[in-house]
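These are the residues of each chain, in order.
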Amino acid sequence: MDLGLESSLWVGNKRYRAVLTGWHFRWTEVDKKNRDKKTVSVPVAEVVGVEEGRVEILPQKSVEDTDKDFTVFYVKRSSSGGSYGLLWRLGRIQFSCASRVLRDQWTKHLRTALKTHSPLRPHRLLVFINPFGGKKKGRQIYHSLVAPLFELAGISSHVIVTERANQARDHLLKKDLTGFDGVVCVGGDGMFSELLHGLIGRTQQEAGLCENDPAAALQPCPLHIGIIPAGSTDCVCYATVGVIDPVTSALHIIIGDSQPLDVCSVRQSSARVRYSVSLLGYGFYGDVLAESEKHRWMGPLRYDYSGTVVYLSNRSYSGVVQYLPADPLLSSPRDKTRCLAGCSVCSRSTERLFPHSSDSGSLYSSHFSQFSPGSEGQWVSVEGRFRCISLTCMSSSCARSPLGLSPSAHLADGTGDLVLVWDTHPLGFLKFLHRHTSTQDQFDLPFVEVHRVKAVRFSAPSGREEQEYEEIGGLSGETDEGQREYVDTVSRNGSRQHLAERAVTHEQKTATPFLCGLCCRKSPAVSVWNCDGEILPFTDIVCKIHGQLVRLYARGIEDGAAIRNSEERDECQRICIPNSFK
Ligand SMILES: CCCCCCCCCCCCC/C=C/[C@@H](O)[C@H](CO)NC(=O)CCCCCCCCCCCCCCC
Ligand SMILES: Nc1ncnc2c1ncn2[C@@H]1O[C@H](COP(=O)(O)OP(=O)(O)OP(=O)(O)O)[C@@H](O)[C@H]1O
Ligand SMILES: [Ca+2]
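What counts as what
Residues numbered from 1 in each chain as written. Chains lettered and ligands numbered in written order. Predicted model: local features only at pLDDT ≥ 70, side-chain atom pairs only at ≥ 80, totals over all residues. Heavy atoms only, no water. Helix = DSSP H or I, 4+ residues; strand = E, 2+ residues; numbered from the N terminus. Buried < 20%, exposed > 50% of the residue type's maximum accessible area, 1.4 Å probe, protein only. Contact = heavy atoms within 4.5 Å. Areas by Shrake-Rupley, 256 points an atom, 1.4 Å probe, with all protein chains shown as cover. Donors = N, O, S within 2.8 Å, 3.2 Å for Na, K, Ca; no water. Near = heavy atom within 4 Å. Polar contact = N/O pair within 3.5 Å; in protein donor to acceptor, adjacent residues only side chain to side chain. Nonpolar A, V, L, I, M, F, W, Y, C, P; charged D, E, K, R; others polar.

By the naming in an unreviewed UniProt entry, the protein chain goes by Zgc:158263 and is assigned to Acanthochromis polyacanthus.

J.: Before we move on, can you summarise the overall build of the protein chain with the specific residues and values?
T.: Of regular secondary structure, the protein chain possesses 14 helices and 25 strands. Within the protein chain, buried positions represent 57% of all 582 residues. Put simply, 76% of the contacts in the protein chain that link residues at least 6 apart link residues at least 24 apart. Accessible surface computed for the protein chain: about 24500 Å², of which carbon and sulfur atoms make up 52%.

J.: Kindly report on the coordination of the calcium ion (ligand 3), identifying the contributing residues and their values.
T.: Within the protein, Asp262 (OD), Cys393 (O), His410 (O), Asp413 (OD) and Thr415 (O) serve as the donor atoms for the calcium ion (ligand 3), at 2.3 to 2.5 Å. Sequence spacing of the donors to the calcium ion (ligand 3): D-x130-C-x16-H-x2-D-x1-T. Residue His410 shares its accessibility class with Thr415, and that shared class is buried.

J.: Please give an account of the environment of Pro461 that cites residues and values.
T.: Residue placement: Pro461 occurs in the loop between strand 20 (448–459) and helix 11 (463–471). Judged by its relative accessible area of 14%, Pro461 is buried.

J.: I'd love a proper account of the site of ligand 1, names of residues and values included.
T.: Close contacts around ligand 1 come from 20 residues, with Asp189, Thr233, Ser278, Asn530 and Asp532 the closest. Contact between ligand 1 and Thr233: an oxygen atom at 3.2 Å from a side-chain N or O atom of the residue. Between ligand 1 and the protein, one listed contact pairs an oxygen atom with a side-chain N or O atom of Ser278 at 2.7 Å. Protein contacts shield 86% of the accessible area of ligand 1, which totals 850 Å² for the unbound molecule. Secondary-structure elements contributing two or more residues to the shell around ligand 1 are helix 8 (302–313) and helix 10 (426–435). Element by element, the count of residues in the shell around ligand 1 is highest for helix 8, at four residues. The residue inventory of the shell around ligand 1, partitioned by class, reads nine nonpolar, eight polar and three charged.

Written out as structure tokens, the structure is:
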């Protein structure tokens, strides 16, 4: 069927020329005064719904069933006033036609175009609401802001308000999921993590794979994940959409946006595999999480409180980190680029990961592991004392840190960024933390390194080594230069320098201890791993990045400045709607 259509339409008493081409629906006021021919152009993929009559959904749904009118709902962008990304809102325009026949033609053509141009739009969703996440507003957010939009878009949803932790994960692992196109969580990163674990586990079960087997090439999940942010950090939402806004996220779900995401698997020999996308952190971030769990009642503020307590306790931990570098010719964590919607680095990665798929984004093609025999590079091993060790599959931007833990990390390039912060003077570490809140480069410090990696291993020192270290006084008051005393070898097994030997060297160099009463306290020998907000019950780990293992209803961060500039240049404005239509 030819999807094109063109005719005059009225909005109130103004006449418009409306055109539906393959990909766009445009309307231009036919008026001598409209000399610059301002046109509103909406991509068909961003039309939310088409209704006969004059329809409103806010503050509540009302339908005036007039037979020459139709209403179009679509995505309208506005600046987020702070965040990097753009807020999406529901735009609405009510058209009148010359006849009922023409009206029916418009609604039919628009609906057919919608089906053709956005094949991933969900029809049926499974929604989990955590009533206790963040500020405990999950239920309210879903019912007042999201459910009316889903209804307008003809999406039927099965809603489960969780009664316990891990209910969503267990449901996805065991219950019948037939008929669902996607799964949505209303909550924070912890709820997202439940969906991630449930869906990855379920997909491997159905593929007859054992997910705990480190050699298994994990299969990508066929169901999309949607996140309606209602948590404390909401890092996954922020880093994939660019704003924390339930309406924006609901609209991404409705139009069936699709953003692949890398996932890191975390294993210890006998334990169940865990997954992480935003932060696998040891040392500072592990300790902050452990401390914050004691203060859940504080809500989102618990992280600031615990962050301060942990910072003042001035801890560092020793260990051996081994990592498998990613191909440095493809990208670098210090190349000052940003992964934005339509990212070319991620698109090329899709072609590498799914080489035999005609639609390189297809989920159903066979998934090629990045760890096929022979493709491995050389492992690098470093050993020493660290303030923190972080591994993230994406930038991990959030409200606290608008550019994130690794501002140039990519959502779907099959790699993770490993940030090593060596033990340093407390003020140095504060400088590092503080740089996360601005555009200053947190990696441009002598005690910080960042590596783009495909896999990581970590092991804490044996009890004896750590005891020797403590006996000789540790590194409190160490200078920035002091951290350079580490082993950087290229080997498969890593090589260990005796910690005590290095500690003596450091001790000879120490500056006056800072915050003596706090920092001279003995650090515990080991920290814990923070795996996307969950404390792992083991210390020594092996991690692997699985490129594009899951897909979210998102499109990456839209570059607000670029979109605004192109609108200023272009007559065909996407979001310039005359005030009378707002
Ligand atoms: C001086 C200001 C420093 C601000 C430093 C901001 C760095 C923020 C980096 C945040 C990265 C978030 C990564 C995402 C992690 C999620 O998977 C996880 C689950 O939701 N969230 C956390 O673990 C929650 C982690 C939350 C960490 C918050 C740390 C707050 C530190 C405050 C330090 C204050 C020092 C004061 C000295 C007097
Ligand atoms: N009904 C429930 N009762 C108790 N805990 C729950 C319930 N439903 C989910 N949970 C758990 O609560 C934890 C935290 O939830 P969530 O991630 O939604 O909010 P948050 O911790 O405030 O935000 P963030 O993870 O973004 O910091 C999750 O790990 C989840 O497993
Ligand atoms: Ca990545």
